[in-house]
Each structure stands twice: as structure tokens, then as C-alpha cells.
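# Results of the structural survey
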Amino acid sequence: KWLIPISIVVFIVSTGLLIYWFILKDLPHPDRLITREQIVSTKIYDRHGELLYKIYRNQNRTLVLLNDLPISLIQATIAIEDAEFYHHHGFSPKGIIRALFANLRSGKLYGGSTITQQLVKNALLTPERTWRRKIREIVLALWVEAKFSKDEILQMYFNEVGYGGAAYGVEEATQMYFGKSVRDLDLAESALLAGLSASPTTFSPFGAYPKLAKSRQLTVLRRMKQEGFITEQEGKKATEQELKFAPQRTDIKAPHFVMYIKELLVNKYGLRQVEEGGLEVTTSLDLEIQNKTQDIVKNETEKLWQLHITNGAALVTNPQTGEILAMVGSRDYFDLENDGNVNVTLRPRQPGSAIKPVNYSVALENGFTPATIIPDTPITYRLPGQPPYSPKNYDNRFHGNISLRVALASSYNVPAVKVLSALGVERMIRRGQAMGITTWENPSRFGLSLALGSGEVKMIDMAVAYGTLANLGMRLGLNPILKVKNYKGEMLGVADFSLRSSREIDSANSGKRVFSPEIAYILTDILSDNTARTPAFGPNSILNIPDHPHVVVKTGTTQNMRDNWTIGFTPDYLVAVWVGNNDNTPMSYVASGITGASPIWHYIMSYLIKDISDKEFPKPGDLVQVEICPLTGTLPCECCGGKQELFLPGTEPKIHCDPEKIKEIKEKRSQTPTRPE
């Protein structure tokens, strides 16, 4: 008769012990909300120990009373963060249920947090996303609600929450963003501030995505209208109001890079750990190279105003390691009026002909050789459901039968489209993804114009793709962080840093084989062949670096004249440059390889390798070098004047050209000028 009561007692005791050990043990006391440990700033350094930026909570924060805050800020915050704040006791069952369904659908742990939960999470708990932490958060929220009044909790929240950078608490945030006291905020400004706390890095008007700040502000205003805090007319007026931000006066070096690093750190460690955990972050940046690159971008873009080119960006990496040595996201980060804080190296842009090596790498795997003759002649593609497509060359001319080597080096468009048509768009998409392109996630969007760069890419991805060529077919992810320590000197690790919008970096950056060294070498050989690019660029173009004939380089200009690129590399350095306009308006004129991005690339690369002797890429032993007829791609005859060409084993020509046909070709060329479009 004692079995049932004993089993109940055992169950109760066991359950109590489990709750204690997994939930209540070491649970912080709510009093820590007002008596917390001293925080330590995070420091970001370049590779040589030069301090780039400090991330910290402002030790001299100005505490404010709830009565000092404008009602618009209080209402905006409640509307967007916790509409039931004054009606629950620490957590919202409705919010928990909504989050539970989202969690079950996605397999991830989402919020549903009340303002009280956010306060205890940010001030008392770790940022880990686990069920245990969530339960502890709810228990603490109930405890805090029992100990403090609603207005006290709301006041602590406004003085605690981070609004981006060093701005903690609404007074510091208002001073940083608007240069005024919080009591002077209007509705439009209050809505923007209220929207920041969910993700200050993402929604900051001073961050890499300023348009998201406006979008978030509009979301807050819609929620305020739904909750009855404002009228339709008030919301419309606030929506149309132009916000005037205070100029940033932050002591920061390499700002685009620093904000990129901060986002990587926040994604890995959480905002609280980054802004008060005392991290010591050594990055791959070389501040001397950064400053020189920034100066070149700024000085050269100033010369391009007459071409309606207002902005430029550049990225310098070490292709052997993936380390970022310089990241210049715009001509002037602090030119907020012209969106200078937008980091173009992270933004999708059309690459133009700079994407062609991806296409030709597939071609070399599928029967094409550098000697393959491709007709650069008019063609129109008529595909079901699509308008007729007639590719054009940049010079609006056709060049007859040309070799693949000349077609790629001189960047002729028509041959590239014909190659893609023969191979299929899906193959190029798969190859681009394998080489590091992260923006081609919907293949149905692309057609044959992909060969000419219609598919948007990020510069950081292009650096990975071209780095694959430099590493003879091995892809390495970018490696912007060398080491992370806490303030006690303990190593925290460096692997798996990635932006939410990008694929994860290869574990330990060990690399992944994409294609053979032979194919990579052939492509680098073509792209460093000044003779092969002479038909388009002339023999003495700015793509040539004095005393360095083996520098690999490729240009790209979109046919809508909105993007102009130059990307090139040596075994030691990779330099990618873009010029254009942030508002996507077209440039008036750019002669690819002469103006625009090419001079910027030339000056950066010349600076980097001025004290380094010319280096050739190691030639794989399996490649076959054969004398061929330059007119037919076959073995030569006595009439054609042979030249040396590279082949994958087994793809070299087996027959000689016909002397009579060679004479016929030469006569035809002498009588027929290059035909304009």
C-alpha cells in the first residue's frame, strides 16, 4: 500500500532536482540589474597590432528617467517589441506560442521575448540560443516582474538596451544618431530608434545596410498604427519626413572592414559578448596597404566625375591564404549624404565580362582548348517565352573566326555566349557556386546573358572565385580574422566566421578542389597573355605592369554601363576593383581596360609588387605544349606560321592544316574588313 505514495514522492523529488540543476542552479539574482560587473571593451587590430577600433559600452552613459522620455518613443518601443507589456507578468503566452510554431517549422530557436525577457537576457544571461536558456529567461522575467514595477522595468530597459556601436541607453543613442537629447525626439526619430534594438548592426543607418534602417522604421510606424498609438495621417507624415543624422565622430580606421568584422563577431559570439566581453581580435588587414588602397580609390574616382562615376571600391587579398589585406567599400565611408557607409564589396553587382573565366573553365573541361576556333559572327537566339537575344561585342564589331585564347583575353562577348549555349547555363551556374559565388541560388533567373555578367555577384565572392584560379583550382574561403582571445588572453578560435548572407567558410580554410591545376594554369596563362588581349586593348594598355609580364588580369563592364570591374592577381596578391554609382544609374562612358576601374587596379597592384620580382605560376607537368596553326587551331603547315599553344593531355590536334585553305583564309581576311554590327 506504500508503493504508490513512494513513487509519487520519488517523482516529485526527481522533478525538483532536475528543475534545480538544469534551470535554477546559478540563476542570477534580479538585483544584478542594478549591481553588475564592470564591462571590458573589445579591440580590433590589424595584422601588425595596430588598433583599428574599440567596441564597448559607454562607461559615461547618461541615465534617464521614464518621465523624461517622449511618449512617441515609449509607444514605438512597446508597439514593435512587446505590445502586451502592461498586460502580462513577464512573458507572453501568445508570443511563446507564435515562436514555438516558428521553431517547429524551421528547427531553429526564435524569440517571442517580452521587454522584460529582453532586459534579463541582455543584462543577466548569455546569448546562447537553447531551450535551457529560454526557460531560465522566463523564470527570471517572472522574478523581475514580482520585484519591480512595470515602469521601473521599462526605465531599466531604455537605459540598458544597445542601439549600435558604443550607444547604450536611449540618451547616448539619441546623441549619436541625431545630436540631440532624447526628450527632443519626434515621432519619425522615435520610430527609427525603437526599431534598432532588435538588431543594431543590421538596422543601423550608419551600418552596411542603411536602407534596412528606413524599412525597419516603416515597420515600427505600421505597428504603432495597428496598436492605435498614432493615426493614419501621423504615420504618413512621419514616413515622409527626411531624417537628418548627426555626423559620426568615431575614431575608427578601415571603417568598412571594421564593420564587416563586427558583424562576423556578432554572428558568432552574440552582441553582448562583442560589446562588453573584452575580445582581443587580430584581423588579417594590413593597415598600410589599406590606407594606400583607400587613397588610390579616392583620388582616382575624383577624376571620373565627368563620366558620371561617383563611387569606387576595392578588395586586396592574399590568394594563398584568403586573408583580406585591404577592404575599401566606397570612396569615403563618412560621406553619408552619398551612402558612403554602404560597403560595395559586400553588395551584389553585375560583374560584366569579369565572370567569363567561370564559363571558360567549364569549356576547357568539355572538349574546348585554347586553340579552338570560335566564330565571332552575328547570331540571334530565339527561346520559347523569351524575346530574341542578339549578343554584342563591346566595340560593336564582329571579328570573324578567332581562337578561344583571343576570345577570352580580348573579352569578346559573342564567342562567350556561343560557348555557354553549347555547354548549358546550368553548368556555368554550378561551376560559379563551386568557385565561391553565393548569389546564384535561383538558376531559373538566368539565361545566356549570364556569360556576359548579368547575374549579380559580390566582390568578396569574386575574390574567392579568382583566388581559385590563383591556387590552381583549389578554392579557399576568405580569412579576415587571424585569432580571437578574451581579455584574459585565452584563445577562442578563428574558424567558421561567415556573414548570414554568405556560405560558411571552409573549415580551417583548408581548401576544396574545384577543377584541375592544368585548367587553372591555362586560364591564368591566357589572362596574362598581352599578345592575346592586344586586339581589344592594344599592346601598351594600363593592364600591363612594368617588369611583371605574368600578372593575371580581367576587366568587365556591364552592357547597361552600371558596373565596371578589373580583377587581377599574382601568386602573392589579388586585387579586385569596381567603379559605378550606388544608386545604380549608368555611367556616361567607360572604355574597359583604359578608364574606370583599370587605372585604380593598376596603381594598387603596382604598389603591392613594386619590390617583388616577376613570378610565374608553377606549370603542371601534365600539360602538353604543341606548335599549332593560329588560323585553324590544327597542327601547322608551311603556309601558316605556327605558334606554341597549351593543351590538356589528349586534346592536342592530330592533323595539319591545308595550305590551300590557309591561302584562301588569308586572302579573304585581306579583302574583308572587320564587319561592324
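To start, this report covers the structure provided alongside it. The structure presented is a predicted model; accordingly, all values stated were derived computationally and were not measured.

### Digging into the sheet that holds strand β5 (residues 323-328)
- One open sheet accounts for five strands, arranged β5-β4-β13-β12-β11; its pairing is antiparallel. Because the sheet does not close on itself, it has two edges, and the strands there are β5 and β11 (552-557). Each strand of the sheet is rotated relative to its neighbour by a mean of 10°, with strand direction disregarded.
- The sheet contact formed by β11 and strand β12 (residues 563-569) spans six bridges and is antiparallel. Residue pairing for β12: Val-553 is matched across the bridge by Gly-568.
- Sitting on the sheet, helix α19 (residues 459-470) is in contact with β4 (311-318), β5, β11, β12 and β13 (574-580), with an inclination near 35° to β12.

### A short note on unusual backbone geometry
- Backbone geometry places Ser-411, a non-glycine residue, at a positive phi of 60°.
- Within the secondary structure, Ser-411 sits in the loop between α16 (404-409) and α17 (413-423).
- On the basis of relative accessible area, Ser-411 is assigned to the buried category, the value being 9%.
- A positive phi is found at Met-561, a non-glycine position, where the angle reads about 65°.

### Here's the deal with the nonpolar core
- Phe-257, Ile-261, Leu-265, Trp-440 and Met-462 are the most contacted members of the largest nonpolar core, which totals 94 residues.
- Counting residues per element, this core draws most heavily on α19, at nine residues.
- Contact partners of Ile-261, with chain neighbours within four places excluded, come to Ile-44, Val-281, Thr-283, Pro-480 and Ile-481.
- One finds Val-64, Ile-153, Ile-230 and Leu-243 within the second-largest nonpolar core, a separate group that totals 48 residues.

### Some details on the sheet that holds strand β9 (residues 481-485)
- Strand order in the open sheet formed by four strands is β2-β1-β3-β9, and the pairing between neighbours is mixed. The sheet is open, and its two borders are formed by β2 (51-55) and β9, each paired with just one other strand. Taking the axes of each pair of neighbouring strands and ignoring which way they run, one obtains an average angle of 15° across the sheet.

### Overview of empty space enclosed by the protein
- Per the counting criterion, the structure on display carries three cavities of 30 Å³ or more.
- In this structure, the largest cavity spans a volume of roughly 60 Å³.
- Together, His-548, His-550, Val-551, Thr-570, Pro-571, Asp-572, Ile-609, Ile-612, Ser-613, Asp-614 and Lys-615 line the largest cavity.
- Partitioned by chemical class, the residues of the lining of the largest cavity number four nonpolar, four polar and three charged.
- Within this model, the second largest cavity holds a volume of roughly 40 Å³.
- Lining of the second largest cavity is provided by Thr-317, Asn-318, Pro-319, Gly-322, Ala-463, Val-464, Gly-467, Asn-471, Leu-476, Gly-477, Leu-478 and Leu-574.
- Going through the elements one at a time, β4 and α19 are the ones with two or more residues in the lining of the second largest cavity.
- With three residues, α19 is the largest single contributor of residues to the lining of the second largest cavity.

What counts as what
Residues numbered from 1 in each chain as written. Predicted model: local features only at pLDDT ≥ 70, side-chain atom pairs only at ≥ 80, totals over all residues. Heavy atoms only, no water. Pairing = 2+ DSSP bridges. Helix = DSSP H or I, 4+ residues; strand = E, 2+ residues; numbered from the N terminus. Axes fitted to C-alpha atoms, helices over the stretch in contact; angles between N-to-C directions. Contact = heavy atoms within 4.5 Å. Buried < 20%, exposed > 50% of the residue type's maximum accessible area, 1.4 Å probe, protein only. Core = buried A, V, L, I, M, F, W, Y, C linked by side-chain atoms within 4.5 Å. 1 Å grid on protein atoms, 1.4 Å probe; cavity = no way out; pocket = protein on both sides within 12 Å on 5 of 7 lines; lining within 4 Å. Points joined across faces, edges and corners; volume = space filled by probe spheres on them. Nonpolar A, V, L, I, M, F, W, Y, C, P; charged D, E, K, R; others polar.

Purely spatial values, then, with no claim about function.
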